[in-house]
Amino acid sequence: MRVTLLGTGDTTGTPTPGCDCDTCEAARERGVERTRFAVHVASDDGEDALLLDFSPDFRSQFLREDVTLPDAGVVSHIHFDHLDGLGNAYRLFDDLPVYAADETDPVTGESVAATVRRRYDYLDNVAAVPVAPLEPFAAAGFEVTLVPVDHPPLLCYGVVVERDGSKLALSGDTTYDVPQASLDAMRDPDLLLADGIVPAHLADYHPEGGRHPDADGVPRTFGTKHMTREGALALGDDLDATATRVVHVSHFYPADEAFDDDLAVDGESFDL
């Protein structure tokens with residue numbers, strides 16, 4: 001499998017429009033971006049392609065990376081930065097199956113799949129396909145599993161993609177408190193893409209502070225919805241990942257840390 005990171009940022013991206021912080025300025029100087037989140041997965045022969053989440057930056061990401069349009073997509077949850085790029089399907093596809101969880105969210109009263117169907121009912125070429133979490137399914141020639149994670153108040157899922165003995169795991173937007181059944185499904189990936197929105201030393205800036213400390217008291221969760229960088233890397237260790245890249249990175253990282261080697265930027269690719 002060839003994995004291309006189309007978008008590695010949080011909901012505002014880096015650089016953030018209108019922001020002149022040191023990190024955004026450094027990103028401009030380096031000529032790098034972290035746009036809203038999406039991952040492209042292709043078969044070794046390039047014949048099959050799968051898109052994990054639909055970034056609002058869909059058009060620019062596909063033009064920039066020159067990757068093939070997907071044969072199918074997966075939606076992890078219904079937040080803007082992971083779903084609203086699906087509108088780009090207009091006139092681009094004959095048929096696009098989009099797989100999403102079938103569990104009813106008590107907050108919204110509908111599943112992720114039902115939300116996809118309702119929001120994009122004007123797209124005749126998009127078919128929302130409900131799937132059960134923790135049950136593998138076939139999509140575009142890949143074996144895919146949605147794994148429940150912890151991103152309150154909404155239901156959210158990580159994703160496992162396997163093909164020809166290679167395994168990609170995506171944490172989804174989550175705290176460090178990933179359910180055990182999901183950890184079991186994610187274990188031993190060749191590559192883990194893990195949500196690490198800020199470094200742990202910024203946890204004090206969140207109203208809820210940091211949570212899920214390690215043995216040294218370092219918080220692995222920032223507030224209530226995301227992991228810290230330290231949490232993301234710890235998850236990689238927990239899962240025995242061959243490689244871990246920290247994604248969903250915000251511009252709140254200090255400039256002297258924001259481009260460290262373990263933090264992904266758009267355009268990175270991996271052959272698994």
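Up top is the structure.
Here we summarise the structure given alongside this text.

Topic: the packing of aromatic side chains
Tallied over the entire structure, the rule returns four aromatic pairs. For the pair Phe58 and Phe62, a centre-to-centre distance of 4.5 Å together with 25 degrees between the ring planes defines the contact as stacked. Within this pair, Phe58 and its partner Phe62 are both found in helix 2 (residues 58-65), separated by four residues, close to a single helical turn. Taken as a pair, Phe58 and Phe62 share a single burial class, namely buried. Consider the rings of Tyr120 and Tyr122, whose centres lie 6.0 Å apart with planes at 45 degrees: the pair is tilted. Relative accessible area serves as the criterion here: at 8%, Tyr120 is assigned to the buried category. Directly above the ring of Phe142 sits Arg163, whose terminal nitrogen or CZ lies 4.9 Å from the centroid.

Thoughts on the sheet that holds strand 16 (residues 269-271)
Spatial strand order, 6-5-4-3-2-1-16: seven strands in an open sheet with mixed pairing. The sheet is open, and its two edges are formed by strand 6 (126-131) and strand 16, each paired on a single side. Averaged over all adjacent pairs, the angle separating strand axes in this sheet is 20 degrees, with direction ignored. Bridging between strand 1 (residues 2-7) and strand 16 involves three bridges; their strand directions are antiparallel. From the neighbouring strand, Val3 faces strand 16, where its bridge partner is Phe270. Relative to the sheet, helix 2 contacts strand 1, strand 2 (38-42) and strand 3 (49-52), its axis offset from that of strand 1 by approximately 135 degrees. Sitting on the sheet, helix 4 (residues 112-119) is in contact with strand 5 (96-101) and strand 6, with an inclination near 165 degrees to strand 6.

Conventions and cut-offs
Residues numbered from 1 in each chain as written. Predicted model: local features only at pLDDT ≥ 70, side-chain atom pairs only at ≥ 80, totals over all residues. Heavy atoms only, no water. Phe/Tyr/Trp six-rings, centres within 6.5 Å; stacked < 30°, edge-to-face > 60°. Helix = DSSP H or I, 4+ residues; strand = E, 2+ residues; numbered from the N terminus. Buried < 20%, exposed > 50% of the residue type's maximum accessible area, 1.4 Å probe, protein only. Lys NZ or Arg CZ within 6 Å of the ring centre and 35° of its normal. Pairing = 2+ DSSP bridges. Axes fitted to C-alpha atoms, helices over the stretch in contact; angles between N-to-C directions. Contact = heavy atoms within 4.5 Å.

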